[in-house]
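# Results of the structural survey
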Amino acid sequence: MDLHSGMPFWVVLNPLYNYYNPLKKNIETHTVIIGSGITGALVAHTLCSLGIECIVVDKRTIGTGSTAASTAQLQYEIDVPLMDLIEKVGEKQAVDAYKCCLQSITDVENVFKSIGKNPDFERVPTYLLASDRSGKKLLQKEFNARKDAGLPVEYLEQDVVKSDLGIDAKAALYNDTSAQLDCYKGATYILDHYLQKKQLQLFSHTLIEDYVETESGYELVTEHGSKITCKNVVIAAGYEAGEFLPKKVMDLLSTFAIVSHPVDKKYIWKNNALIWETKTPYLYMRTTSDNRIIVGGEDEDFNNPDKRDKSLRKKAAILEKKFKKMFPEIPFVTDMSWAGTFSATADGLPYIGMYPNKPNMYFALGYGGNGITFSMIAAQVIGNLITGKADPRAELFGFDRSKR
Ligand SMILES: Cc1cc2nc3c(=O)[nH]c(=O)nc-3n(C[C@H](O)[C@H](O)[C@H](O)COP(=O)(O)OP(=O)(O)OC[C@H]3O[C@@H](n4cnc5c(N)ncnc54)[C@H](O)[C@@H]3O)c2cc1C
(Lines give C-alpha, C1' and ligand atoms only; values in the text may rest on other atoms or scores of the structure.)
Protein backbone atom coordinates (compact mmCIF):
# COMPACT_ATOMS: atom_id res chain seq x y z
CA MET A 1 0.00 0.00 0.00
CA ASP A 2 1.19 3.49 -0.83
CA LEU A 3 1.06 5.15 2.62
CA HIS A 4 1.65 8.77 1.68
CA SER A 5 2.31 11.10 -1.22
CA GLY A 6 3.51 14.62 -1.89
CA MET A 7 6.42 15.74 0.24
CA PRO A 8 6.13 15.00 3.97
CA PHE A 9 8.00 17.84 5.63
CA TRP A 10 10.00 15.64 8.01
CA VAL A 11 11.68 13.70 5.24
CA VAL A 12 12.97 16.99 3.83
CA LEU A 13 13.93 18.42 7.21
CA ASN A 14 15.94 15.40 8.29
CA PRO A 15 18.63 13.58 6.41
CA LEU A 16 17.02 10.43 5.09
CA TYR A 17 18.05 7.62 7.36
CA ASN A 18 20.63 6.18 5.02
CA TYR A 19 20.49 2.55 5.93
CA TYR A 20 20.25 -0.31 3.48
CA ASN A 21 20.49 -3.75 4.99
CA PRO A 22 18.17 -6.36 3.51
CA LEU A 23 18.19 -9.72 5.26
CA LYS A 24 20.01 -12.21 3.05
CA LYS A 25 20.41 -15.29 5.27
CA ASN A 26 18.46 -17.39 7.75
CA ILE A 27 18.62 -16.13 11.33
CA GLU A 28 17.21 -16.92 14.76
CA THR A 29 16.16 -14.51 17.50
CA HIS A 30 13.83 -14.24 20.50
CA THR A 31 11.43 -11.58 19.15
CA VAL A 32 10.90 -10.11 15.69
CA ILE A 33 9.30 -6.69 15.34
CA ILE A 34 7.73 -6.13 11.91
CA GLY A 35 7.79 -2.39 11.20
CA SER A 36 10.36 0.36 11.78
CA GLY A 37 7.96 3.27 12.30
CA ILE A 38 7.39 4.95 15.63
CA THR A 39 5.51 1.88 16.90
CA GLY A 40 8.25 -0.60 16.04
CA ALA A 41 10.83 1.79 17.45
CA LEU A 42 9.00 2.18 20.78
CA VAL A 43 8.50 -1.59 21.01
CA ALA A 44 12.23 -2.06 20.28
CA HIS A 45 13.06 0.46 23.02
CA THR A 46 10.91 -1.40 25.55
CA LEU A 47 12.25 -4.85 24.66
CA CYS A 48 15.90 -3.73 24.53
CA SER A 49 15.43 -2.03 27.93
CA LEU A 50 14.10 -5.33 29.28
CA GLY A 51 17.14 -7.15 27.88
CA ILE A 52 15.10 -9.12 25.32
CA GLU A 53 16.96 -10.08 22.16
CA CYS A 54 15.07 -8.62 19.20
CA ILE A 55 15.31 -7.58 15.58
CA VAL A 56 13.34 -5.05 13.55
CA VAL A 57 12.48 -5.73 9.90
CA ASP A 58 10.88 -3.35 7.44
CA LYS A 59 10.10 -3.64 3.78
CA ARG A 60 10.78 0.09 3.28
CA THR A 61 13.56 2.51 4.09
CA ILE A 62 13.59 2.86 7.89
CA GLY A 63 10.79 5.02 9.32
CA THR A 64 9.29 5.98 5.98
CA GLY A 65 5.80 4.52 6.43
CA SER A 66 3.06 6.65 8.00
CA THR A 67 5.53 7.83 10.62
CA ALA A 68 7.21 10.09 8.04
CA ALA A 69 3.87 11.74 7.25
CA SER A 70 2.65 12.25 10.81
CA THR A 71 1.95 15.73 12.15
CA ALA A 72 2.91 14.22 15.51
CA GLN A 73 0.82 15.96 18.12
CA LEU A 74 0.57 14.14 21.43
CA GLN A 75 -2.69 14.72 23.25
CA TYR A 76 -4.71 12.87 25.82
CA GLU A 77 -7.88 13.58 23.80
CA ILE A 78 -8.87 10.56 21.72
CA ASP A 79 -10.63 11.04 18.34
CA VAL A 80 -13.88 10.09 20.06
CA PRO A 81 -14.83 12.71 22.71
CA LEU A 82 -14.90 11.32 26.24
CA MET A 83 -18.68 11.76 26.56
CA ASP A 84 -19.20 9.66 23.40
CA LEU A 85 -16.58 7.09 24.37
CA ILE A 86 -18.41 6.57 27.67
CA GLU A 87 -21.54 5.73 25.65
CA LYS A 88 -19.61 3.33 23.45
CA VAL A 89 -17.44 1.41 25.93
CA GLY A 90 -18.66 2.34 29.42
CA GLU A 91 -17.46 4.97 31.87
CA LYS A 92 -14.56 3.12 33.52
CA GLN A 93 -13.05 1.93 30.24
CA ALA A 94 -13.44 5.34 28.58
CA VAL A 95 -11.88 7.23 31.48
CA ASP A 96 -9.07 4.66 31.76
CA ALA A 97 -8.34 5.01 28.03
CA TYR A 98 -8.11 8.80 28.34
CA LYS A 99 -5.87 8.52 31.39
CA CYS A 100 -3.59 6.02 29.63
CA CYS A 101 -3.13 8.56 26.82
CA LEU A 102 -2.38 11.33 29.30
CA GLN A 103 0.31 9.20 30.96
CA SER A 104 1.79 8.08 27.67
CA ILE A 105 2.78 11.64 26.70
CA THR A 106 5.14 11.70 29.69
CA ASP A 107 6.27 8.16 28.86
CA VAL A 108 7.22 9.20 25.30
CA GLU A 109 9.10 12.18 26.74
CA ASN A 110 10.97 9.84 29.09
CA VAL A 111 11.93 7.45 26.28
CA PHE A 112 13.87 10.26 24.60
CA LYS A 113 15.36 11.43 27.89
CA SER A 114 16.57 7.88 28.52
CA ILE A 115 18.38 7.66 25.17
CA GLY A 116 19.70 11.22 25.50
CA LYS A 117 18.23 12.50 22.21
CA ASN A 118 15.49 15.01 21.57
CA PRO A 119 13.47 14.72 18.34
CA ASP A 120 12.14 18.28 18.81
CA PHE A 121 9.83 17.05 21.58
CA GLU A 122 8.20 20.12 23.07
CA ARG A 123 5.46 20.50 25.68
CA VAL A 124 2.64 22.67 24.34
CA PRO A 125 -0.97 23.38 25.37
CA THR A 126 -4.08 22.48 23.35
CA TYR A 127 -7.06 24.66 22.49
CA LEU A 128 -10.12 22.83 21.15
CA LEU A 129 -12.20 25.59 19.62
CA ALA A 130 -15.99 25.66 19.37
CA SER A 131 -16.52 26.27 15.65
CA ASP A 132 -20.12 27.40 16.16
CA ARG A 133 -23.04 27.37 18.66
CA SER A 134 -23.49 23.62 18.51
CA GLY A 135 -19.75 23.22 19.00
CA LYS A 136 -20.05 25.33 22.15
CA LYS A 137 -22.77 23.06 23.52
CA LEU A 138 -20.64 20.04 22.74
CA LEU A 139 -17.67 21.59 24.55
CA GLN A 140 -19.76 22.32 27.63
CA LYS A 141 -20.80 18.66 27.87
CA GLU A 142 -17.30 17.41 27.12
CA PHE A 143 -15.88 19.77 29.76
CA ASN A 144 -18.19 18.26 32.39
CA ALA A 145 -17.28 14.69 31.36
CA ARG A 146 -13.56 15.41 31.54
CA LYS A 147 -13.85 17.35 34.79
CA ASP A 148 -15.84 14.49 36.40
CA ALA A 149 -13.13 12.08 35.23
CA GLY A 150 -10.44 14.17 36.93
CA LEU A 151 -8.73 15.04 33.64
CA PRO A 152 -6.88 18.34 33.26
CA VAL A 153 -9.22 20.72 31.40
CA GLU A 154 -10.31 24.35 31.50
CA TYR A 155 -13.34 25.90 29.84
CA LEU A 156 -12.46 29.21 28.20
CA GLU A 157 -15.07 31.80 27.32
CA GLN A 158 -15.03 33.68 24.02
CA ASP A 159 -13.17 36.74 25.39
CA VAL A 160 -10.35 34.60 26.81
CA VAL A 161 -9.89 32.74 23.51
CA LYS A 162 -9.83 36.11 21.75
CA SER A 163 -7.19 37.51 24.07
CA ASP A 164 -5.07 34.31 23.99
CA LEU A 165 -5.18 33.55 20.26
CA GLY A 166 -6.83 36.56 18.60
CA ILE A 167 -9.50 34.19 17.22
CA ASP A 168 -13.27 34.65 17.26
CA ALA A 169 -14.42 31.31 18.65
CA LYS A 170 -17.48 30.88 20.84
CA ALA A 171 -15.49 28.98 23.51
CA ALA A 172 -12.60 26.54 23.87
CA LEU A 173 -11.40 23.66 25.98
CA TYR A 174 -7.83 24.14 27.12
CA ASN A 175 -5.20 21.96 28.74
CA ASP A 176 -1.46 22.31 29.06
CA THR A 177 -0.51 18.62 29.00
CA SER A 178 0.08 18.10 25.28
CA ALA A 179 3.28 17.86 23.27
CA GLN A 180 4.59 17.82 19.71
CA LEU A 181 7.62 16.21 18.12
CA ASP A 182 9.23 15.12 14.88
CA CYS A 183 8.01 11.54 14.81
CA TYR A 184 10.24 10.42 11.95
CA LYS A 185 13.30 11.74 13.75
CA GLY A 186 12.03 10.10 16.94
CA ALA A 187 11.74 6.64 15.36
CA THR A 188 15.14 6.79 13.69
CA TYR A 189 16.81 8.14 16.88
CA ILE A 190 15.51 5.21 18.92
CA LEU A 191 16.44 2.54 16.38
CA ASP A 192 19.87 4.04 15.79
CA HIS A 193 20.52 4.22 19.55
CA TYR A 194 19.99 0.49 20.08
CA LEU A 195 21.75 -0.39 16.83
CA GLN A 196 24.86 1.52 17.94
CA LYS A 197 24.71 -0.20 21.34
CA LYS A 198 24.53 -3.53 19.48
CA GLN A 199 21.33 -4.40 21.32
CA LEU A 200 19.27 -4.51 18.15
CA GLN A 201 19.56 -5.90 14.62
CA LEU A 202 17.81 -3.84 11.97
CA PHE A 203 16.90 -5.09 8.50
CA SER A 204 15.48 -2.62 5.99
CA HIS A 205 14.01 -3.48 2.57
CA THR A 206 12.94 -6.86 3.91
CA LEU A 207 9.33 -7.80 3.24
CA ILE A 208 7.87 -10.49 5.47
CA GLU A 209 5.77 -12.34 2.97
CA ASP A 210 4.68 -15.38 4.89
CA TYR A 211 4.83 -17.03 8.30
CA VAL A 212 4.22 -20.43 9.82
CA GLU A 213 3.52 -21.27 13.42
CA THR A 214 6.02 -23.73 14.88
CA GLU A 215 6.12 -25.63 18.17
CA SER A 216 8.32 -22.98 19.72
CA GLY A 217 7.00 -19.85 18.02
CA TYR A 218 7.14 -18.72 14.40
CA GLU A 219 9.12 -18.98 11.23
CA LEU A 220 8.89 -15.84 9.11
CA VAL A 221 9.73 -15.95 5.43
CA THR A 222 10.98 -12.93 3.50
CA GLU A 223 10.16 -12.23 -0.14
CA HIS A 224 13.64 -13.52 -1.10
CA GLY A 225 13.21 -16.73 0.85
CA SER A 226 15.31 -16.00 3.97
CA LYS A 227 13.84 -17.40 7.17
CA ILE A 228 13.68 -15.90 10.65
CA THR A 229 13.03 -18.33 13.47
CA CYS A 230 11.72 -16.74 16.64
CA LYS A 231 9.62 -17.23 19.74
CA ASN A 232 7.55 -14.04 19.44
CA VAL A 233 6.45 -11.73 16.65
CA VAL A 234 5.31 -8.16 17.21
CA ILE A 235 3.20 -6.75 14.38
CA ALA A 236 4.00 -3.03 14.27
CA ALA A 237 3.13 -2.87 10.58
CA GLY A 238 0.81 0.15 10.87
CA TYR A 239 -2.04 0.34 8.40
CA GLU A 240 -0.67 -2.64 6.49
CA ALA A 241 -1.08 -4.99 9.47
CA GLY A 242 -4.31 -6.31 7.97
CA GLU A 243 -2.45 -9.10 6.20
CA PHE A 244 -1.58 -10.63 9.60
CA LEU A 245 -5.12 -10.33 10.93
CA PRO A 246 -7.92 -12.78 10.23
CA LYS A 247 -10.50 -9.98 10.44
CA LYS A 248 -10.66 -6.31 9.46
CA VAL A 249 -10.54 -4.07 12.54
CA MET A 250 -10.28 -0.60 11.03
CA ASP A 251 -11.43 1.65 8.20
CA LEU A 252 -8.82 3.52 6.20
CA LEU A 253 -8.99 7.28 5.76
CA SER A 254 -7.01 9.80 3.76
CA THR A 255 -5.78 12.90 5.51
CA PHE A 256 -3.98 15.98 4.22
CA ALA A 257 -1.41 18.43 5.58
CA ILE A 258 0.46 21.55 4.51
CA VAL A 259 3.45 23.33 6.01
CA SER A 260 4.23 27.02 5.59
CA HIS A 261 7.49 28.80 4.94
CA PRO A 262 9.04 29.79 8.28
CA VAL A 263 7.26 32.92 9.58
CA ASP A 264 8.55 35.67 11.83
CA LYS A 265 8.24 34.50 15.44
CA LYS A 266 5.98 37.46 16.24
CA TYR A 267 3.23 35.78 14.19
CA ILE A 268 3.26 32.52 16.16
CA TRP A 269 0.37 32.36 18.61
CA LYS A 270 0.60 31.93 22.38
CA ASN A 271 2.83 29.10 23.63
CA ASN A 272 2.93 27.36 20.23
CA ALA A 273 -0.36 25.74 21.20
CA LEU A 274 -1.99 22.92 19.26
CA ILE A 275 -5.28 24.20 17.87
CA TRP A 276 -8.26 22.02 16.93
CA GLU A 277 -11.85 22.71 15.95
CA THR A 278 -15.11 20.92 16.72
CA LYS A 279 -16.30 21.17 13.09
CA THR A 280 -16.32 18.22 10.64
CA PRO A 281 -14.18 17.93 8.60
CA TYR A 282 -11.92 19.24 11.32
CA LEU A 283 -9.00 21.60 10.96
CA TYR A 284 -5.94 21.47 13.20
CA MET A 285 -2.65 23.27 13.39
CA ARG A 286 0.71 23.18 15.13
CA THR A 287 4.04 24.93 14.80
CA THR A 288 7.55 23.57 14.22
CA SER A 289 10.89 24.32 15.85
CA ASP A 290 11.83 26.55 12.88
CA ASN A 291 8.63 28.64 13.13
CA ARG A 292 6.68 27.00 10.37
CA ILE A 293 2.99 26.29 10.71
CA ILE A 294 1.52 22.90 9.87
CA VAL A 295 -2.18 22.76 9.06
CA GLY A 296 -3.99 19.46 8.62
CA GLY A 297 -7.38 17.87 8.18
CA GLU A 298 -9.85 17.51 5.31
CA ASP A 299 -10.05 13.75 5.97
CA GLU A 300 -12.03 11.56 3.62
CA ASP A 301 -12.60 7.84 3.16
CA PHE A 302 -9.63 6.12 1.59
CA ASN A 303 -10.42 4.40 -1.69
CA ASN A 304 -7.08 4.19 -3.41
CA PRO A 305 -3.76 6.09 -3.39
CA ASP A 306 -4.35 7.52 -6.89
CA LYS A 307 -7.62 9.14 -5.89
CA ARG A 308 -6.04 10.47 -2.67
CA ASP A 309 -3.07 11.88 -4.60
CA LYS A 310 -5.29 13.57 -7.18
CA SER A 311 -7.09 15.42 -4.37
CA LEU A 312 -3.86 16.72 -2.82
CA ARG A 313 -3.62 20.04 -4.69
CA LYS A 314 -7.28 20.84 -4.05
CA LYS A 315 -7.10 19.81 -0.37
CA ALA A 316 -3.91 21.83 0.17
CA ALA A 317 -5.63 24.94 -1.22
CA ILE A 318 -8.64 24.39 1.07
CA LEU A 319 -6.42 24.00 4.14
CA GLU A 320 -4.51 27.20 3.31
CA LYS A 321 -7.74 29.11 2.73
CA LYS A 322 -9.23 27.93 6.04
CA PHE A 323 -6.06 28.84 7.92
CA LYS A 324 -6.01 32.33 6.40
CA LYS A 325 -9.64 32.83 7.37
CA MET A 326 -8.78 32.02 10.97
CA PHE A 327 -5.50 33.96 11.08
CA PRO A 328 -5.75 36.66 8.33
CA GLU A 329 -2.76 38.58 9.66
CA ILE A 330 -0.28 35.66 9.43
CA PRO A 331 1.61 35.62 6.09
CA PHE A 332 1.11 31.89 5.44
CA VAL A 333 2.70 30.59 2.24
CA THR A 334 2.45 26.85 1.64
CA ASP A 335 5.89 25.33 1.20
CA MET A 336 5.05 21.62 1.05
CA SER A 337 1.91 19.53 1.12
CA TRP A 338 1.31 15.85 1.55
CA ALA A 339 -1.39 13.25 1.94
CA GLY A 340 -1.30 10.29 4.24
CA THR A 341 -3.33 7.24 5.02
CA PHE A 342 -4.53 6.62 8.50
CA SER A 343 -7.33 4.67 10.01
CA ALA A 344 -10.05 4.66 12.58
CA THR A 345 -11.55 1.87 14.68
CA ALA A 346 -15.23 1.70 15.59
CA ASP A 347 -14.63 2.89 19.16
CA GLY A 348 -11.58 5.08 18.48
CA LEU A 349 -9.34 2.81 20.57
CA PRO A 350 -6.25 0.92 19.40
CA TYR A 351 -5.85 -2.85 19.18
CA ILE A 352 -3.06 -4.12 21.38
CA GLY A 353 -2.02 -7.64 22.32
CA MET A 354 -2.61 -11.16 21.08
CA TYR A 355 -5.35 -12.07 18.64
CA PRO A 356 -7.31 -15.10 19.89
CA ASN A 357 -5.66 -18.31 18.66
CA LYS A 358 -2.49 -16.56 17.55
CA PRO A 359 -0.19 -17.31 20.46
CA ASN A 360 3.07 -15.33 20.71
CA MET A 361 1.97 -12.94 17.97
CA TYR A 362 1.47 -9.50 19.51
CA PHE A 363 -0.25 -6.66 17.69
CA ALA A 364 0.67 -3.02 18.26
CA LEU A 365 -1.96 -1.25 16.22
CA GLY A 366 -2.17 2.35 17.35
CA TYR A 367 -4.87 3.40 14.95
CA GLY A 368 -6.44 6.87 14.92
CA GLY A 369 -5.32 10.42 15.53
CA ASN A 370 -3.58 9.37 18.75
CA GLY A 371 -1.51 6.76 16.98
CA ILE A 372 1.73 7.74 18.70
CA THR A 373 0.43 7.76 22.26
CA PHE A 374 -1.25 4.43 21.52
CA SER A 375 2.09 3.11 20.19
CA MET A 376 3.72 3.97 23.51
CA ILE A 377 1.02 2.12 25.41
CA ALA A 378 1.31 -0.86 23.02
CA ALA A 379 5.06 -1.06 23.54
CA GLN A 380 4.65 -1.21 27.33
CA VAL A 381 1.76 -3.69 27.27
CA ILE A 382 3.61 -6.02 24.87
CA GLY A 383 6.77 -5.77 26.97
CA ASN A 384 4.72 -6.87 29.99
CA LEU A 385 2.93 -9.67 28.14
CA ILE A 386 6.17 -11.08 26.75
CA THR A 387 7.75 -11.09 30.20
CA GLY A 388 4.65 -12.69 31.75
CA LYS A 389 3.43 -9.65 33.71
CA ALA A 390 -0.27 -8.87 33.94
CA ASP A 391 -1.30 -5.55 32.41
CA PRO A 392 -4.91 -4.33 32.71
CA ARG A 393 -4.46 -2.28 29.56
CA ALA A 394 -4.28 -5.55 27.58
CA GLU A 395 -7.97 -6.08 28.30
CA LEU A 396 -8.92 -2.43 27.75
CA PHE A 397 -7.33 -2.36 24.28
CA GLY A 398 -7.52 -6.10 23.45
CA PHE A 399 -9.25 -7.79 20.53
CA ASP A 400 -11.84 -9.33 22.88
CA ARG A 401 -13.11 -6.00 24.19
CA SER A 402 -16.29 -6.05 22.09
CA LYS A 403 -17.38 -9.07 24.15
CA ARG A 404 -17.31 -7.05 27.38
C1 LIG B 1 -0.93 13.08 8.09
C2 LIG B 1 -0.96 12.30 9.37
C3 LIG B 1 -1.07 13.00 10.56
C4 LIG B 1 -1.06 12.30 11.78
N5 LIG B 1 -1.08 13.01 12.94
C6 LIG B 1 -0.96 12.37 14.11
C7 LIG B 1 -0.87 13.11 15.31
O8 LIG B 1 -0.93 14.34 15.32
N9 LIG B 1 -0.70 12.43 16.48
C10 LIG B 1 -0.63 11.06 16.50
O11 LIG B 1 -0.48 10.49 17.59
N12 LIG B 1 -0.74 10.34 15.37
C13 LIG B 1 -0.88 10.96 14.18
N14 LIG B 1 -0.96 10.23 13.04
C15 LIG B 1 -0.92 8.78 13.13
C16 LIG B 1 0.51 8.32 13.38
O17 LIG B 1 1.39 8.99 12.53
C18 LIG B 1 0.58 6.83 13.13
O19 LIG B 1 -0.26 6.19 14.08
C20 LIG B 1 1.97 6.30 13.30
O21 LIG B 1 2.91 6.98 12.52
C22 LIG B 1 1.94 4.84 12.93
O23 LIG B 1 3.24 4.36 13.14
P24 LIG B 1 3.52 2.85 12.86
O25 LIG B 1 4.95 2.65 13.20
O26 LIG B 1 2.51 2.01 13.54
O27 LIG B 1 3.26 2.69 11.30
P28 LIG B 1 4.25 3.04 10.08
O29 LIG B 1 5.02 4.26 10.32
O30 LIG B 1 3.45 2.97 8.83
O31 LIG B 1 5.28 1.82 10.13
C32 LIG B 1 4.88 0.51 9.81
C33 LIG B 1 6.01 -0.11 9.01
O34 LIG B 1 5.73 -1.49 8.81
C35 LIG B 1 6.30 -1.85 7.59
N36 LIG B 1 5.66 -3.06 7.12
C37 LIG B 1 4.33 -3.26 6.90
N38 LIG B 1 4.10 -4.52 6.50
C39 LIG B 1 5.32 -5.13 6.44
C40 LIG B 1 5.73 -6.44 6.09
N41 LIG B 1 4.86 -7.40 5.70
N42 LIG B 1 7.06 -6.73 6.10
C43 LIG B 1 7.96 -5.78 6.48
N44 LIG B 1 7.61 -4.52 6.85
C45 LIG B 1 6.30 -4.20 6.82
C46 LIG B 1 6.04 -0.64 6.68
O47 LIG B 1 6.94 -0.59 5.62
C48 LIG B 1 6.17 0.54 7.63
O49 LIG B 1 7.41 1.20 7.56
C50 LIG B 1 -0.98 10.89 11.79
C51 LIG B 1 -0.89 10.19 10.59
C52 LIG B 1 -0.87 10.87 9.39
C53 LIG B 1 -0.73 10.11 8.11
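Labelled according to an unreviewed UniProt entry, the protein chain appears under the name Glycine/D-amino acid oxidase, originating from Paenimyroides ummariense.

## Looking at the side chain of Ser311
Mapped onto the fold, Ser311 is located in helix H8 (residues 305-326). On the accessibility criterion, Ser311 (10% relative accessible area) is buried. Beyond its immediate chain neighbours, meaning those up to four positions away, Ser311 contacts Phe256 and Glu300.

## Examining the site of the ligand
As a structural note, the neighbourhood of the ligand is formed by 38 residues, with Thr39, Asp58, Arg60, Thr67 and Gln73 the closest of them. Thr71 places a polar side-chain atom, nitrogen or oxygen, 3.0 Å from a nitrogen atom of the ligand. In the environment of the ligand, an oxygen atom lies 3.4 Å from a nitrogen or oxygen atom belonging to the side chain of Tyr239. Of all the secondary-structure elements, those providing two or more residues to the shell around the ligand are helix H2 (38-49), strand E16 (334-344) and helix H9 (371-386). Split by residue class, the shell around the ligand holds 13 nonpolar, 20 polar and 5 charged.

## Focus on the domain arrangement of the protein chain
Taken domain by domain, the protein chain comprises domain 1 (4-70 + 184-249 + 348-403) and domain 2 (123-177 + 251-344). Here the C-alpha centre of domain 2 lies 30 Å away from the C-alpha centre of domain 1. Listed as interface residues are 16 residues of domain 1 and, on the opposing side, 19 residues of domain 2. Taken together, the links from domain 1 to domain 2 amount to 1 salt bridge. Among the secondary structure elements, those contributing two or more residues to the side of domain 1 that touches domain 2 are strand E1 (4-6) and helix H1 (9-13). At 4 residues, H1 tops the list of elements feeding residues into the side of domain 1 that touches domain 2. Each residue belonging to the side of domain 1 that touches domain 2 can be placed in one class, and the counts come to 9 nonpolar, 6 polar and 1 charged.

## Topic: unusual backbone geometry
Glycine aside, negative phi is the norm for most residues, and most peptide bonds take the trans geometry. The omega torsion of the bond from Thr280 to Pro281 falls at -5°, within 30 degrees of zero and hence cis. A positive phi angle, near 55°, is found at Ala72, a position not held by glycine. Position of Ala72 among the secondary structure elements: in the loop between strand E3 (54-57) and strand E4 (73-74). Of note, Asn291 is a non-glycine position whose phi angle comes to about 60°, a positive value.

## Some words on a positive patch on the surface
Taken together, the side chains of Arg133, Lys137, Lys141 and Lys170 make up a positively charged region of the molecular surface. In this structure, Lys137 sits in helix H5 (residues 133-148).

## Quick word on the environment of Thr373
Looking at where Thr373 falls in the secondary structure, it is placed in helix H9. For Thr373, a relative accessible area of 2% corresponds to the buried category. Residues Thr373 and Cys100, 273 residues apart in the sequence, show an inter-C-alpha distance of 8.6 Å. Sequence-distant contacts of Thr373, defined by excluding residues within four places in its chain, comprise Leu74, Gln75, Cys101, Ser104 and Ile105. A polar atom in the side chain of Thr373 sits 2.8 Å from the backbone oxygen of Asn370.

About the criteria used
Residues numbered from 1 in each chain as written. Predicted model: local features only at pLDDT ≥ 70, side-chain atom pairs only at ≥ 80, totals over all residues. Heavy atoms only, no water. Helix = DSSP H or I, 4+ residues; strand = E, 2+ residues; numbered from the N terminus. Buried < 20%, exposed > 50% of the residue type's maximum accessible area, 1.4 Å probe, protein only. Contact = heavy atoms within 4.5 Å. Near = heavy atom within 4 Å. Polar contact = N/O pair within 3.5 Å; in protein donor to acceptor, adjacent residues only side chain to side chain. Nonpolar A, V, L, I, M, F, W, Y, C, P; charged D, E, K, R; others polar. Domains from an automatic or database assignment. Salt bridge = Lys/Arg side-chain N within 4 Å of Asp/Glu carboxyl O. Patch = residues over 30% accessible without salt bridge, like charges linked within 9 Å, V, L, I, M, F, W, Y side chains within 5 Å. Areas by Shrake-Rupley, 256 points an atom, 1.4 Å probe, with all protein chains shown as cover. Lys, Arg positive; Asp, Glu negative; His and termini not counted. Charge placed at Lys NZ, Arg CZ, Asp CG, Glu CD.

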